[in-house]
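Structural overview
Now for the letters of each chain:
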Amino acid sequence: MVAFGKRLKETQIQEWQGYYINYKLMKKKVKNYVQQIEVSEQSREYVLKDFSRILDKQIEKIVLFLLEQQGELASRLFILGQEHDVLVQQQDGSKLSELQQSYRDVGRQLLQLLFFVEMNAIGVRKILKKFDKRCGYEFTNYYVKSRANHPYSQLRQIFKHVGVSAVVGTISRNLADLEDNKGNYTSIYDHPGLPLQDPIIGSINQAVDRLTNSTDFLHYLGKHALILPEELPTPSEDHAANERYHLMSLLLNLANAFLYMVNTYIIVPTADDYSMSLGAAATLCGAVIGSMAVAQVFSSVYFSAWSNKSYMKPLLFSSIVLLVGNTLYALAYDFNSIYLLLVGRLFCGLGSARAVSRRYITDCVPLHLRMKASAGFVSASALGMACGPAVACLLQTNFKFLKITFNQDTLPGWIMALAWFIYLLCMWTTFREPPMEEIEDGLLPQSNSVSGKIENGFVQKGITQPLLLSEEETKQDEDEDQDCDNSEESAEEIQKPVTSIVSAYKLLTPSVKVQLLIYFMLKYAMEILLAESSVVTTYYFIWSTSNVAVFLACLGLTVLPVNIIVGSYLSNIFEERQVLLASEILVCMGIVLSFHVVIPYSVPQYVCSALITFVAAEVLEGVNLNLLSRAMSSRLSKGTYNGGLLSTEAGTLARVFADSTITLAGYWGMSRLLNVTLLPSLFICIFSIIATCFTYNSMY
């Protein structure tokens, strides 16, 4: 794979250099237009027409080269087809395997061609943005609208994939036929939903989806885990991933994610009652709920680092800590100790091993299953979020056994302690540790892990400028246009994971920082809504614990349906940036509607405002993480300080501050609790909307 990456960078990039968009020329033309406008007040119409003509020529060059390369691929497939017919008659197993590899090589060439198209498409976007910024004209709207639907527009040809689909179809059918000759009698036509698909075909389809901005629910949901994929493994690497993969171990990781979310939200309906039964204020529920998040800030880092060396040991340790934490939480009632209650929740936070599960999916799940595993991780977390309050609703009993109290306050602790004990036994007996040498230092063997990231680095972070400009010109270009993509990583840097949180932060572009701010904002707003729900509804509506639990469970159940709607429909109709901004505005509206001002606070007002806030925040989270998965540096896909850890820390810190706000607001009295806690949410939301507007055009 190293050789493949070097060929892509050194050989074909040089051969294709003349066919890339001439970014240097286009940048120079923009400078000339600026000078002409300042000196002679050059007419707007002349500038638009002249630059359109030059850009048309550049795009035409790309399209004609693309057609030429597709023709060469078609010719090669035709020759392979003739060889296929002969070898099928001979039934020579070794030659059939060689033919399979030849078809995969054609697929790799097609993938390189798609990378070429994507790089140029990003180049066109960058030069349009630069023109609008430097000249002050809305050239992008004019150019795209005038060329988007014209039948002879070369711009349309870049995004038409008739030739690509034909090549993919030919490769898929022939690979399936070759599998038939090995005794696996399947057909892509008789079984259109056949799950067995060659990794190269999946990589091509992903590249096409990126170009067309199309997506489906599985890929949309899978990206929420921020597990950044490698684009193209070698056969040896894919074989190694298959050897590391163990279905039961994966299921145990998903079960860990599910149980942890249940553990997080099962106490929310009863936290205020528990605090009051121990002689504390009801608003101390913020500290009780938030203490778990405080510990998680630190546990996420050491678990992420531990997963560089092992998966089984941190998961076992996590289970033991959570078992102890929930036991302490339950015993606090009989010991009448609020401190024991808080310590129990701190222990629960110290057992957060979500980072380990993410790393297991990244390192030990084969590429063709990785997106499904990522979607499973997110689905398990969402299901746990809904099940937590639902389980609490069922625990309405009160009895003593061996002088230990079992009631609605303590049963969540005992139930979760039992669940973690059973999980610990399953881990001990069925989990299979992957070979240590494969995951040492968080890296797979370097000889096989470079190419995908090189390719991903080329296209995921925008144009790799040294292909288009010299290093000096690239630096100058970045200084002139700070809001453009500025993550320029060499092939050697791309394969190295970052070694500190500071290094990880330096890799974040301004738009990514804004997206992390948005993630912080939505988690803050959701935590305020969920954590204070029992206190607010008891004060204003005298709701019972069961009512609160049912309400929270219903909110949690909206997560997957909302993601299905966004992932399957909205994200294919609207730009993700548009959905992002609209969702932020809806979150802001939900927060505003939640305030108690003048008129009596009613159940319809609370339920409607909570539903708007929660659903809009869920839409916002999905779209934001989907953008983050494409915008983050590929170096953040491995190592301790990865993209998943950064997003987890942002969300966890938001929960810490939100729960602290609830506890501090208790000093102003219950009558002011709602408005006092909503004010910071409103300010942070407005600030994130302003930041989004400033970086809107630079978002992927």
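Residues numbered from 1 in each chain as written. Predicted model: local features only at pLDDT ≥ 70, side-chain atom pairs only at ≥ 80, totals over all residues. Heavy atoms only, no water.

Looking now at the overall build of the chain. For the chain, the count of helices and strands is 31 helices and two strands. Split into buried and exposed, the 700 residues of the chain put 57% on the buried side. Taking contacts inside the chain between residues at least 6 apart in sequence as the whole, the part at least 24 apart equals 84%. Taken as a whole, the chain presents about 28800 Å² of accessible surface, with 63% of it coming from carbon and sulfur. (Helix = DSSP H or I, 4+ residues; strand = E, 2+ residues; numbered from the N terminus. Buried < 20%, exposed > 50% of the residue type's maximum accessible area, 1.4 Å probe, protein only. Contact = heavy atoms within 4.5 Å. Areas by Shrake-Rupley, 256 points an atom, 1.4 Å probe, with all protein chains shown as cover.)

This paragraph deals with the packing of helix H11 (residues 247-265) against helix H14 (residues 312-335). It is the contact of H11 with H14, at a shortest axis distance of 12 Å, that shows an interaxial angle of 20°. With respect to their mutual orientation, H11 and H14 come out roughly parallel. As for the relative orientation of H11 and H14, their crossing is left-handed in sense. Contacts between H11 and H14 involve Asn253, Asn256, Tyr260 and Asn263 from the first element and Leu315, Ser318, Leu322 and Asn326 from the second. Classifying every residue of the contact of H11 with H14 by side-chain character gives three nonpolar, five polar and no charged. (Axes fitted to C-alpha atoms, helices over the stretch in contact; angles between N-to-C directions. Parallel < 35°, antiparallel > 145°, perpendicular 65-115°, else oblique. Left-handed = near helix turned anticlockwise from the far one by under 90°. Nonpolar A, V, L, I, M, F, W, Y, C, P; charged D, E, K, R; others polar.)

On to the side chain of serine 352, then. By the element assignment, serine 352 lies in the loop between helix H15 (338-350) and helix H16 (354-364). At 3.3 Å, the side chain of serine 352 and the side chain of glutamine 296 are in polar contact. Dropping the residues within four chain positions of it, serine 352 is found in contact with Tyr260, Gln296, Ser299 and Phe303. (Polar contact = N/O pair within 3.5 Å; in protein donor to acceptor, adjacent residues only side chain to side chain.)

Should the charged atoms of two oppositely charged side chains come close, the side chains can pair. Summed over all chains, the structure comprises four salt bridges. The shortest N-O distance in the salt bridge between aspartate 105 and arginine 108 comes to 3.5 Å. In this pair, aspartate 105 and arginine 108 both sit in helix H4 (residues 93-135), three residues apart, roughly one turn of the helix. Taking the relative accessible area as the measure of exposure, aspartate 105 reaches 28% and is therefore partly exposed. (Salt bridge = Lys/Arg side-chain N within 4 Å of Asp/Glu carboxyl O.)

Direction vectors running N to C along helix H26 (residues 545-557) and helix H27 (residues 559-573) enclose 25°, while the axes themselves pass 4 Å from each other. With respect to H27, the axis of H26 lies roughly parallel. Contact with H26, carried on its side by Leu555, Gly556 and Leu557, involves Val559, Leu560 and Pro561 of H27 and no other residues of that element. In terms of residue class, the contact of H26 with H27 is built from five nonpolar, one polar and no charged.

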